[in-house]
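# Observations on chain architecture
Below are the chains, spelled out letter by letter.
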Amino acid sequence: MAEVVIVENKEIAGALVADEIVRLIDTVAEPVLGLATGSTPLPVYEALRGRLSGHDVSHLRGFALDEYVGIDPEHPESYRSVITREVIEPLGLDPALIRVPNGAIETIQHAGDDYDAAIVAAGGVDLQILGIGTDGHIGFNEPGSSFASTTRIKTLTEQTRKDNARFFDSVHDVPQHCITQGLGTILRARHLVLLAFGENKARAVAAALEGPISAMVPASAVQLHAHVTVVLDEAAASEL
Ligand code: GLP
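For clarity, every value in this text was computed on a predicted model and none was experimentally measured.

Scanning the protein chain for helices and strands turns up 7 helices and 10 strands. In terms of C-alpha radius of gyration, the protein chain reaches 16 Å, essentially the compact-globule figure of 18 Å for 240 residues. Referenced to the eigenvectors of the C-alpha coordinate spread, the extents of the protein chain come out at roughly 45 × 45 × 35 Å. Taken over 240 residues, the protein chain has a buried fraction of 43%. A separation of at least 24 residues holds for 80% of the contacts in the protein chain among residues at least 6 apart in sequence.

With that out of the way, let us pick up the UniProt feature "domain: Glucosamine/galactosamine-6-phosphate isomerase" (unreviewed entry) in the protein chain. Here the UniProt feature "domain: Glucosamine/galactosamine-6-phosphate isomerase" (unreviewed entry) sits at residues 15–226. What you have in residues 15–226 is 33% helix and 15% strand, and the ends, taken at the C-alpha atoms, are 23 Å apart.

All right, on to the site of the ligand then. Around the ligand lies a shell of 14 residues, among which Gly38, Ser39, Thr40, Gly131 and Gly133 are the nearest. Among the residues forming the shell around the ligand, the class breakdown is 4 nonpolar, 9 polar and 1 charged.

Okay, helix 7 (residues 202–210) next. Each α-helix winds once per 3.6 residues, and so residues spaced three or four apart point in a common direction. Three or more residues of helix 7 are buried, namely Ala202, Ala204, Val205, Ala208 and Leu209. The buried residues of helix 7 occupy one face: seen down the axis, they fall within an arc of 165°. On its buried side, helix 7 packs onto strand 1 (3–7), strand 9 (191–196) and strand 10 (228–233).

This paragraph deals with the sheet that holds strand 1. Across the sheet, 7 strands lie side by side as 1-10-9-6-2-3-5; this open sheet has parallel pairing. Edge strands, defined here as strands with exactly one partner in the open sheet, are strand 1 and strand 5 (98–99). Pairing of strand 2 (residues 32–35) with strand 3 (residues 61–64) involves 4 bridges; the strand directions are parallel. Bridge pairing in strand 3 links Val32 to Arg61.

About the criteria used
- Residues numbered from 1 in each chain as written.
- Predicted model: local features only at pLDDT ≥ 70, side-chain atom pairs only at ≥ 80, totals over all residues.
- Helix = DSSP H or I, 4+ residues; strand = E, 2+ residues; numbered from the N terminus.
- Rg over C-alpha atoms; globule rule 2.2 N^0.38 Å.
- Buried ≥ 20, exposed ≤ 12 C-beta atoms within 10 Å, placed from the backbone.
- Contact = placed C-beta atoms within 7 Å.
- UniProt positions renumbered as here; feature names shortened; annotations may be inferred.
- Near = placed C-beta within 6 Å.
- Nonpolar A, V, L, I, M, F, W, Y, C, P; charged D, E, K, R; others polar.
- Arc of directions from axis to C-beta.
- Pairing = 2+ DSSP bridges.

This is the structure in structure tokens:
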């Protein structure tokens, strides 16, 4: 059963989750944070900026959920660039300890297995930050993804490409494929923290938390996890 916290705005949500991450950094010798991209986790990263001075982040490892396939890693909207800009640089993390799946075409065949092996070698993810897509995806696990799936290539749905077109010049520039941690990979994290803000997420949130557990709503996989915290604003909670 997920713990659902409804807060007034995304700044308060960001502060709540940032406090939890600081606790993790202070109490675990080799903490491993599961990072997410998109707009939703940004308030968490912003809140962390003001909270990390005096805390030792030199051992903090991070694993991002996903990456576009075939995008130049230097492209400003590659998830590698986003994680560097929003997380590594402002928080002063060691870039060698923060991984993003490798979306290079040349190595894509074994990139998924390599990534999951690296997560296992790091001791597993302690706290995984999750956003949710309007179609109920987490990471880039689109509807129909297996709950046992591991990190692999997926084809993005038209809806997700439209949703993410705001980060590119046009929808045609949004890559067609991605590499994403699987639902099985995500479920192995010890604590899942799902955030959602705004009315356009309300339906997906309700389906994920209160609907049937179904591959057609990938985020409903969180119902199978024993330690889930969901942080919502009132609009995102409005259909619960
Ligand atoms: C993106 C990401 C997800 C993210 C979701 C919602 O495509 N791959 O990790 O949670 O879609 O994005 P946003 O937070 O911008 O609404």
